[in-house]
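# Overview (structure and organization)
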Amino acid sequence: MTMLDVAADVIQTPAQTSAPLDVAKVRAEFPILKETVYGRPLVYLDSAASAQKPRTVIEAVSRAYETSYSNVHRGAHRLSQLATDAFEDARETVARFVNAESADEIVFTRNATEALNLVAASYGRTFLTRGDEIVLTEMEHHANIVPWQLLRDEIGVVLRVVPIDDDGVLRLEALADLIGPRTRLVAITHCSNVLGTVTPLKEIVALAHGHGVPVVVDGSQGIVHAGVDVRDLDVDFYAFTGHKLYGPSGIGVLYGKRAWLERMPPYQGGGEMIDHVSFAETTFKAPPHRFEAGTPPIVQAIGLAAAVRYVSALGMEAIRAHEQALLAQATEALAGMGDVRIFGRAPGKAAIISFLVGSLHPYDVAAVLDRAGIAVRVGQHCAEPLMGRLGVDGTVRASFALYNDGTDVEALVEGIHKAKRMLGG
Ligand SMILES: Cc1ncc(COP(=O)(O)O)c(C=O)c1O
């Protein structure tokens, strides 16, 4: 069975609940895909950095500005009511999407980075003290490393790092060994933005909870490729970012179990998050508003809700199957070139391929691809410690989304051949 057969098998699996993706129809819904780059059709393989937006999201954002825009939670006037309703409806939509128990468990932030900083600052300063340990992994994005380092510098917590193996698989037995009497938090990615590795969250949560340790998940990539059920996974916190999920930039989400959020103090202070203010004392609103100081990303939340409705209508399983087929096609083609080194071979990985071509510099390869209209990411991918583990300075990364098709993979392969011809690799 070739990898393509495996992919086809995945697509036809009877357990699949939604219809296979009609990729031509999907592509027609993304206006930017009609654009050309240097006179060539755009081949967008950088969705792990930020995804393109379907018309329904663009229209939801325009409509909000054109028909019902105002600040929220403030004015007594009609527009303010409409904007507040739409904003709070967006919270309900996101809550249903991740299967939270209540919309009160959904905090809107600027992005995943801010959501993780919120947990580090609020949960960290409240529940952790000097010598307490936080368990991370070797494949974290900087967004799930640096906030914990800031906390370390502030209060003296200790960071423990779980290694990965050479295929990019998390070493679960090492994670089990690292959880000890001083462990107070496991902070882990759902899916590596470099390797595509999907972490076994259910097992990890069971392991951590067995020691009374809560788990915060960086879901920035994981939610895009497979969705999430926070209650099924029983995670304590789950952070993600709207712009990778086909929504606008400037909006992120922190899901937090109500029991935690209620015990956590505000992260930032200002308007919107208070009950009463006097110069002597201030009281705060209940979560989630306690964590949303100042004017929130109103229209961005409305756009994110449109994106969530869009992917939900297509079906996360159909999206996953489609991306897996592209991953199989691309992996087989790149591996077949002989001198392409792929980083990340974890079973069940998401549709992200990091690679190097022979001895060619990744920036040179990316530059040739760019001139061919192919957008890829190159560099350290905000995962410098992981680059150290892989023993490289950087890689080229192609990431696949619901709007990519087989011709995009063919263009990538042709582009790499061209880079080899031009650069002598
Ligand atoms: C795994 C992972 N975590 C966190 C982030 C940070 O996302 P944002 O910059 O939207 O906060 C990214 C974005 O590249 C990511 O890939």
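Residues numbered from 1 in each chain as written. Predicted model: local features only at pLDDT ≥ 70, side-chain atom pairs only at ≥ 80, totals over all residues.

### Structural notes on the site of the ligand
The environment of the ligand is made up of 13 residues, and the closest members are N111, T113, H141, N193 and T241. Among the residues making up the shell around the ligand, the classes are represented as three nonpolar, nine polar and one charged. (Near = placed C-beta within 6 Å. Nonpolar A, V, L, I, M, F, W, Y, C, P; charged D, E, K, R; others polar.)

### Section: the nonpolar core
Inside soluble globular proteins, nonpolar side chains tend to come together where they are buried. The biggest cluster of nonpolar side chains holds 134 residues, and the ones touching the most others in it are V94, Y238 and I302. In terms of residue count, the dominant contributor to this core is helix 12 (residues 298-314) (11 residues). Counting the residues that make up this core, at least three belong to each of domain 1 (3-53 + 315-423) and domain 2 (58-312). Look past the residues within four positions of V94 in its chain and what remains in contact with it is I106, V253, L304, A305 and V308. (Core = buried A, V, L, I, M, F, W, Y, C linked by C-beta atoms within 7 Å. Buried ≥ 20, exposed ≤ 12 C-beta atoms within 10 Å, placed from the backbone. Helix = DSSP H or I, 4+ residues; strand = E, 2+ residues; numbered from the N terminus. Domains from an automatic or database assignment. Contact = placed C-beta atoms within 7 Å.)

### Quick notes on the sheet that holds strand 17 (residues 395-399)
Pairing in this open sheet of four strands is antiparallel, and the strands run 13-14-17-16 from one edge to the other. The open sheet has two edge strands, strand 13 (340-343) and strand 16 (377-379), and neither has a second partner. Each adjacent strand pair in this sheet contributes to an overall mean axis angle of 30°, direction not counted. Bridge count between strand 14 (residues 352-357) and strand 17: four bridges; the pairing is antiparallel. The residue bridging F355 from the neighbouring strand is V396, located in strand 17. Taken strand by strand, helix 14 (residues 362-371) contacts strand 14, strand 16 and strand 17, and its axis lies near 40° from that of strand 17. (Pairing = 2+ DSSP bridges. Axes fitted to C-alpha atoms, helices over the stretch in contact; angles between N-to-C directions.)

### Quick notes on unusual backbone geometry
Here the bond from P287 into P288 is cis, since omega is 5°, no more than 30 degrees from zero. Considering the arrangement of structural elements, one finds P288 in the loop between strand 12 (282-284) and helix 12. The backbone of N99 sits at a positive phi, close to 60°, despite the residue not being glycine. Position of N99 relative to the elements: it lies in the loop between helix 4 (78-98) and strand 4 (106-109). The backbone phi angle of C382 is positive, close to 55°, even though this residue is not glycine. Note that C382 resides in the loop between strand 16 and helix 15 (384-390).

### What to know about the environment of H190
Locating H190 in the fold gives a position in the loop between strand 7 (183-189) and helix 8 (201-210). C-beta crowding within 10 Å serves as the criterion here: with 25 such atoms nearby, H190 is assigned to the buried category. The spatial distance from the C-alpha of H190 to the C-alpha of V216 is 9.8 Å, given a sequence separation of 26 residues. Aside from chain neighbours lying at most four places away, what touches H190 is V198, T199, L201, V217, D218, G219, Q221, G222 and I223.

### Some points on the packing of helix 5 (residues 112-127) against helix 6 (residues 146-155)
The N-to-C vectors of helix 5 and helix 6 enclose an angle of 25°; their axes lie 9 Å apart at closest approach. With respect to each other, helix 5 and helix 6 are oriented roughly parallel. Judged by the sense of rotation from one axis to the other, the crossing of helix 5 with helix 6 is right-handed. Contacts from L116, N117, A120, G124 and R125 in helix 5 reach P147, W148, L150, L151 and I155 in helix 6. (Parallel < 35°, antiparallel > 145°, perpendicular 65-115°, else oblique. Left-handed = near helix turned anticlockwise from the far one by under 90°.)

### Thoughts on the sheet that holds strand 4
Ordered in space as 4-10-9-8-7-5-6, the seven strands form an open sheet in which the pairing is mixed. At either margin of the open sheet sits one strand with a lone partner, and together these are strand 4 and strand 6 (158-162). Neighbour-to-neighbour, the strand axes of the sheet open up by a mean angle of 20°, direction not taken into account. Where strand 7 lies against strand 8 (residues 215-218), four bridges are found, and the strand directions are parallel. When the bridges of strand 8 are listed, I188 appears paired with V217.

### Let's talk about helix 8
Within an α-helix, residues lying three or four positions from one another point in the same direction, as the helix has 3.6 residues per turn. Looking at helix 8, one finds that the buried residues are L201, I204, V205 and A208. Down the axis of helix 8, the buried side of the element spans an arc of 95°, and every buried residue falls inside it. Of the residues in helix 8, the exposed ones pointing more than 90 degrees away from the buried face are K202 and G210. Directly beyond the C-terminal end of helix 8, a positive phi value near 70° is found at G212. (Arc of directions from axis to C-beta.)

### Quick notes on helix 3 (residues 55-67)
The end-to-end C-alpha separation of helix 3 is 17 Å, in line with the 18 Å expected for 13 residues at 1.5 Å each. Those residues of helix 3 not exposed but buried are V57, A60 and A64. Each buried residue of helix 3 lies within a common arc of 60° when the element is viewed along its axis, so the set occupies one face. Along helix 3, exposed side chains directed more than 90 degrees from the buried face belong to S62, Y65, E66 and T67. Buried residues along helix 3 sit in contact with helix 4 and helix 12. (Expected span 1.5 Å × (residues − 1).)

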